[in-house]
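Read off the chains here:
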Amino acid sequence: MNDLAGAGPARNRAFLGAGLVLVSCLSVQASAALASTLFDRLGAPAVAGLRQLCAALVLMVLVRPRVRGHTRQEWAGMVVYGAAMAVMNVAYYGAVGRLPLGVAATLLFLGPFVVAVASARAWREALLPAVGLVGVVLVTEPGGTVAWAGIVFGLLSALALACYTVFAQRVGRASSGLEGLAVSVGTSAMLLLPFSLPAAPSVNGSDWGLVAVSGVVGVALAFTLDFRAVKMAGAKVVATLFSLDPLMGALIGALALAESLSAPVLVGMGLIVSAGAVATWRAERLPVSPTPSSTDRS
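Just so you know, these numbers come straight off a predicted model, no measurement behind them.

Quick notes on the rules
- Residues numbered from 1 in each chain as written.
- Predicted model: local features only at pLDDT ≥ 70, side-chain atom pairs only at ≥ 80, totals over all residues.
- Heavy atoms only, no water.
- Helix = DSSP H or I, 4+ residues; strand = E, 2+ residues; numbered from the N terminus.
- Buried < 20%, exposed > 50% of the residue type's maximum accessible area, 1.4 Å probe, protein only.
- Contact = heavy atoms within 4.5 Å.
- Areas by Shrake-Rupley, 256 points an atom, 1.4 Å probe, with all protein chains shown as cover.
- Phe/Tyr/Trp six-rings, centres within 6.5 Å; stacked < 30°, edge-to-face > 60°.
- Expected span 1.5 Å × (residues − 1).
- Axes fitted to C-alpha atoms, helices over the stretch in contact; angles between N-to-C directions.
- Left-handed = near helix turned anticlockwise from the far one by under 90°.
- Nonpolar A, V, L, I, M, F, W, Y, C, P; charged D, E, K, R; others polar.
- Core = buried A, V, L, I, M, F, W, Y, C linked by side-chain atoms within 4.5 Å.

(A) Here's a closer look at the overall build of the chain. In terms of helices and strands, the chain carries 13 helices and zero strands. When the helices and strands of the chain are read in sequence order from the N terminus, they spell out α-α-α-α-α-α-α-α-α-α-α-α-α. Scored against the burial criterion, the 298 residues of the chain give a buried share of 52%. Considering only contacts within the chain whose residues lie at least 6 apart along the sequence, 90% involve residues at least 24 apart. Of the roughly 13,400 Å² of accessible surface on the chain, 69% is carried by carbon and sulfur atoms.

Structure below.
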């Protein structure tokens, strides 16, 4: 009886978390397309650093996180979380500058895919991210000349996103509200200062507008939504739902470039959405409570 009573709230949290991830994926891919217009003049690392700085300023003003009273373990979690953000942003922008947006997003998804498979307790649960990954491959239709530098950046962004996914859950458990997220984004911005500060004098008024919008939408908003989603549904569910990122990348590419969607792309979209829906529906069986999982060993 208690299991039946708890299933409804767990499923509701998962559906709400899925909605947050959907908006987050749209925010990330739209802001990446927007920020990519500055890569040629400023460079991808500088753009990543400047938008992290804008996002950090926004979160610091809105959240006003305390800097005292944290344990050494909490600080370690926030610093690693921030470092993962910094590496993920620079590496992903490096991939976007060399690969189509959908292909870069596919490589990025490999990170949460590994997290989802590693935390699965039954082979049937591990099939969900596998189905999502098949859909990702169909959506992006990678082909043509391989840009190996872009592949390396994409794989590095995947590794960083895997750490980001796990430490989002750790920091979320250890802090109240958005305090841990704000400190982590601030840490990320500081780590990227060697890239952002030298480029700042070259940024004109309209460029600052693009950087600010990209930072607020693609970092402050998207990371806040991810943070909330992980606290509601757990790292494994959110990791599976990150398969929506390539879908959003393909859709934004189609809208911006007037590209038609082929039959394999449509099939891939169906697989991705189906895997996300099933993962959400089964959320009552997934670790949504603050109980250490296999990815939380210290």
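(B) Local environment of the packing of aromatic side chains. Counted according to the given criterion, the structure contains two aromatic pairs. When the ring of phenylalanine 39 is compared with that of tyrosine 93, the centres are 5.1 Å apart and the planes differ by 55°; the resulting orientation is tilted. Of this pair, phenylalanine 39 sits in helix 2 (residues 39-42) while tyrosine 93 is found in helix 4 (residues 72-96), placing the two residues 54 residues apart along the sequence. You'll find phenylalanine 39 and tyrosine 93 in the same group, each marked buried. Considering the side-chain rings of tyrosine 81 and tyrosine 164, the 5.3 Å spacing of their centres and the 40° angle between planes classify their relative orientation as tilted. With tyrosine 81 in helix 4 and tyrosine 164 in helix 7 (residues 148-174), this pair connects stretches of sequence that are 83 residues apart. The two residues tyrosine 81 and tyrosine 164 agree in class, both being buried.

(C) Layout of helix 3 (residues 44-63). For helix 3, spanning 20 residues, the distance from its first C-alpha to its last is 28 Å, which sits close to the expected 28 Å at 1.5 Å a residue. Considered for burial, the residues of helix 3 that qualify are Ala44, Ala46, Val47, Ala48, Gly49, Leu50, Arg51, Gln52, Cys54, Ala55, Ala56 and Leu59. Taken from the residues just after helix 3, arginine 64 is the one with a positive phi, measuring 50°.

(D) Seen up close, the packing of helix 3 against helix 10 (residues 205-233). It is the contact of helix 3 with helix 10, at a shortest axis distance of 7 Å, that shows an interaxial angle of 60°. By crossing handedness, the relation of helix 3 to helix 10 is classed as right-handed. On the side of helix 3, the interface is formed by Leu50, Arg51, Gln52, Cys54, Ala55, Val58 and Leu59, while helix 10 contributes Trp208, Val211, Ala212, Ser214, Gly215, Val216, Gly218, Val219, Ala220, Phe223 and Thr224. Of the residues in the contact of helix 3 with helix 10, the class split is 12 nonpolar, five polar and one charged.

(E) Spatial organisation of the side chain of threonine 187. Relative to the elements of secondary structure, threonine 187 occurs in helix 8 (residues 179-191). What threonine 187 contacts, discounting residues up to four positions off in sequence, is Val79 and Gly82.

(F) Local environment of the environment of proline 194. Relative to the assigned elements, proline 194 resides in helix 9 (residues 193-199). The class for proline 194 is exposed, based on a relative accessible area of 58%. For the pair proline 194 and glycine 49, spaced 145 residues apart in sequence, the C-alpha separation works out to 8.4 Å.

(G) Region of interest: the nonpolar core. Of all hydrophobic cores here, the largest spans 78 residues; its most connected members are Tyr81, Tyr92, Tyr93, Tyr164, Leu181, Val185 and Phe223. In terms of residue count, the dominant contributor to this core is helix 4 (11 residues). What tyrosine 93 contacts, discounting residues up to four positions off in sequence, is Ser31, Ala32, Ala35, Phe39, Ala44, Val47, Ala48, Arg51 and Ser214.

(H) Just the side chain of serine 196, in detail. Among the secondary structure elements, serine 196 is positioned in helix 9. Classification of serine 196 as buried rests on a relative accessible area of 0%. The contacts of serine 196, once residues within four sequence positions are left out, are Ala46, Gly49 and Leu50.

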